[in-house]
Amino acid sequence: MKMLLDGQWVDRDEKIDVIDPFDNSVIDTVPSGNADDCETALKSAVKGFEITKKMTVYDRAQILFKAAAIISERLEEFATIIAREGSKTINEARTEASRCVNTMTASAEESKRILGETIPFDSFPGGEKRRGYYYRFPIGVVLAITPFNDPLNLVAHKIGPAFAAGNAVILKPATVTPLSAIKLVEAMVEAGMPPQAIQVITGYGSKIGDPMVSDERVRMISFTGGVEAGKHIASKAGIKKIGMELGSNSPVIVWKDADLDLAVDSCVSGSFWAAGQNCIGVQRLLVHKDIYNEFKTRFVERTKKYKIGDKMKEDTDMGPMITEGEAIRVEKWVNEAAQKGANVLCGGKRTGSLYEPTVLENLPPDVTIHCEEVFGPTVNLYQIDDLDEAIKEANSLPYGLLAGIFTSNIDVAFKASYDLDCGGVMINDSTDYRLDSMPFGGVKYSGLGREGLKFSLQELTEPKVVCFYLPNI
Ligand code: NAP
């Protein structure tokens, strides 16, 4: 596939193979963008913004609705690309493609609700005879940088609201999964998005990141990815707005009065969805001592039934990790924990890029798989005695995206939802629940700002105040 620069689909002699991580076959190639391509994208995006900021809300919304319809008509095509270039099974990929339709539709709807307010200028002395209000205006050129794990819908969460707000976008998708992103841009252009308003540049972040991140023509960087890349980008950005959706190490508390069938089902799926490569995947399960053994037995039994392998087969539950290198990293982290005394209750084996769904307990507090984001198909069990202890453990790491609690006690649910330090608390769901239009984002190292269409639009626009001084009234 090609990249879209200044309205032209262009290729380069230097190419990057896009590889199916299950069988290592080359699916396609994309051009390896360079510094000149960055300059072309930036110049064109500035022109693109001159077009988008003058478009009516109605026209922008119609284009987004049409793009949603195109994706919906070609859902299986989109799902197949997601599944082939990434880790997801075909069923997981279908879910993502459907969510992308929702994200584009909600972007269109929310474009009509970018509202201002009147301002009571006379609320302090000196403001007499002044009347005014503020609008929300688009911010300008938005640089969107996206990760591999939701290669379509997380791109939609950037392009949809950015265009809904009237901005121009330069998109840099993850190098391992650029195809779904390019397909989405094709759909946007087919739906009528002015081509200068959407550039997609493929290539290594380490090579083309800095020239765009540090450029003053970019007015906002909207980044989703890991903490290390996030820190690097923040250090290079200079004075511009930054939105960051970063990683986590998500905790779920299973209280003694939890519905265990629900908790087991939800937490197994939440731990191993997309082979655990999921920013809201369950990593720490804090289980009350009274139900610990029963929960553990059922959880491990269910996990052992997971069918792993060929992503394209309808009955596969879990596919490979994104690269063999990533599976080797997870293997090392599990081995380190086991050597330091953790019990491996099931899984713990690797075949190429496939890593078995793995459950651990008795983790020493200093092991990597306890402290860091694993981003792989492993989950840690901890036994807890009381709620304060569970909340303290949940809050003990420098992340805070989502947390979860299973309980039938309303007081416990309320206390947890107040005291858990994170961007959202799921009651009787694992952390792996997200409605695309809810405010989504984290605290601490999990991010800055919020996505979720209405909330993205706040980040992607700036208020402009208008004040009339009317001395004769
Ligand atoms: P990553 O390695 O941080 O890469 C994310 C994106 O940043 C890729 O497009 C990457 O390009 C680019 N990048 C890397 N270094 C860059 C630089 N110096 N300048 C500009 N761009 C740069 O993350 P990943 O492995 O793809 O994704 C996994 C991470 O994303 C996890 O930590 C996960 O929790 C997080 N995530 C968070 C959310 C959320 O909403 N909070 C959602 C999904 C994923 P290349 O591919 O070319 O390196």
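The shown structure was predicted, so the numbers you read here are calculated from the model rather than taken from an experiment.

As a further point, take the overall build of the protein chain. Helices and strands together make up the secondary structure of the protein chain, namely 15 helices and 24 strands. The C-alpha atoms of the protein chain give 23 Å as radius of gyration, which agrees with the globular expectation for 473 residues (23 Å, within 12%). Across its three principal axes, the protein chain shows a C-alpha extent of roughly 75 × 65 × 40 Å. In the protein chain, of all internal contacts separated by at least 6 residues, the share reaching a separation of at least 24 is 72%. For the protein chain, the computed accessible surface area is about 19200 Å², with 52% contributed by carbon and sulfur atoms. Within the protein chain, one finds 53 positive and 66 negative side-chain charges whose respective centroids are separated by 5 Å.

Turning next to the sheet that holds strand β14 (residues 343-346). One open sheet holds the seven strands; their spatial order is β14-β17-β18-β13-β12-β20-β21, and the pairing between them is mixed. The sheet is open, and its two borders are formed by β14 and β21 (424-427), each paired with just one other strand. Mean inter-strand twist for the sheet, computed between neighbouring axes without regard to direction, equals 25°. Direction of pairing for strand β12 (residues 250-254) relative to strand β13 (residues 282-288): parallel, over a ladder of five bridges. Bridging from a neighbouring strand, V252 pairs with L285 of β13.

On to a nonpolar patch on the surface, then. Judged by side-chain polarity, I410, F414 and Y418 come together as a nonpolar surface patch covering roughly 410 Å² of accessible area. One can find F414 in helix α14 (residues 410-419).

This paragraph deals with the site of the ligand. Near the ligand you find 29 residues, and of these T146, T175, G205, L246 and E373 are the closest. One of the backbone nitrogen or oxygen atoms of F148 is found 3.2 Å away from an oxygen atom of the ligand. Within the backbone of G205, one N or O atom sits 2.8 Å away from an oxygen atom of the ligand. In isolation the ligand has 910 Å² of accessible area, and contact with the protein removes 85% of it. Counting residues per element, the ones that place at least two in the shell around the ligand are α7 (205-213), β10 (218-224) and α8 (227-236).

Okay, the domain arrangement of the protein chain next. According to the domain assignment, the protein chain contains domain 1 (3-246 + 446-466) and domain 2 (250-435). Once you take the C-alpha centre of each, domain 1 and domain 2 turn out to be 31 Å apart. If you look at the interface, domain 1 gives 29 residues, while domain 2 gives 27 residues. Looking only at domain 1, the three residues that lose the most surface to domain 2 are F22, S87 and S446, adding up to 25% of its buried area. Between R94 and E314 there is a salt bridge, and its shortest N-O distance comes to 2.9 Å.

Side chains on a regular strand alternate between the two faces of the sheet. Taken across its seven residues, β10 has six buried, putting it largely inside the fold. For strand β7 (residues 141-145) and β10, the ladder comprises five bridges, and the chain directions are parallel. The residue bridging A144 from the neighbouring strand is S222, located in β10. Where β10 meets strand β11 (residues 241-245), five bridges bridge the pair, whose relative direction is parallel. Paired with S222 across the two strands is G243, which belongs to β11. A crossover connection joins β10 to the parallel β11 through α8; in handedness this β-α-β unit is right-handed.

Attention shifts here to the pairing of β7. Of all the five residues making up β7, five are buried; the element is thus mostly covered by neighbouring parts of the structure. Taking every second residue as pointing to the same face, both faces of β7 are buried, with V141, L143 and I145 on one and V142 and A144 on the other. Inspection of the sheet shows β7 paired to strand β8 (residues 168-172) by five bridges, in the parallel sense. Across the sheet, the residue bridging to V141 is A168, located in β8. Chirality of the crossover, the property in question, places the unit of β7, helix α5 (residues 153-164) and β8 among those that are right-handed.

Scanning all chains against the criterion turns up 35 salt bridges. Measuring nitrogen to oxygen at the nearest pair gives 2.8 Å for the salt bridge that ties E294 to R298. Highlighted residues: E294 and R298, both in helix α10 (residues 292-304), separated by four residues, approximately one helical turn. Residue class for E294 comes out partly exposed when judged on its relative accessible area of 42%. Each member of the salt-bridge network shares a partner with another, and the members are E39, K43, D215 and R217.

Each value, and the rule that gives it
- Residues numbered from 1 in each chain as written.
- Predicted model: local features only at pLDDT ≥ 70, side-chain atom pairs only at ≥ 80, totals over all residues.
- Heavy atoms only, no water.
- Helix = DSSP H or I, 4+ residues; strand = E, 2+ residues; numbered from the N terminus.
- Rg over C-alpha atoms; globule rule 2.2 N^0.38 Å.
- Contact = heavy atoms within 4.5 Å.
- Areas by Shrake-Rupley, 256 points an atom, 1.4 Å probe, with all protein chains shown as cover.
- Lys, Arg positive; Asp, Glu negative; His and termini not counted.
- Charge placed at Lys NZ, Arg CZ, Asp CG, Glu CD.
- Pairing = 2+ DSSP bridges.
- Axes fitted to C-alpha atoms, helices over the stretch in contact; angles between N-to-C directions.
- Patch = residues over 30% accessible without salt bridge, like charges linked within 9 Å, V, L, I, M, F, W, Y side chains within 5 Å.
- Salt bridge = Lys/Arg side-chain N within 4 Å of Asp/Glu carboxyl O.
- Near = heavy atom within 4 Å.
- Polar contact = N/O pair within 3.5 Å; in protein donor to acceptor, adjacent residues only side chain to side chain.
- Domains from an automatic or database assignment.
- Buried area = accessible area lost by both parts, 1.4 Å probe.
- Buried < 20%, exposed > 50% of the residue type's maximum accessible area, 1.4 Å probe, protein only.
- Right-handed = clockwise from strand over helix to strand, strands pointing away.

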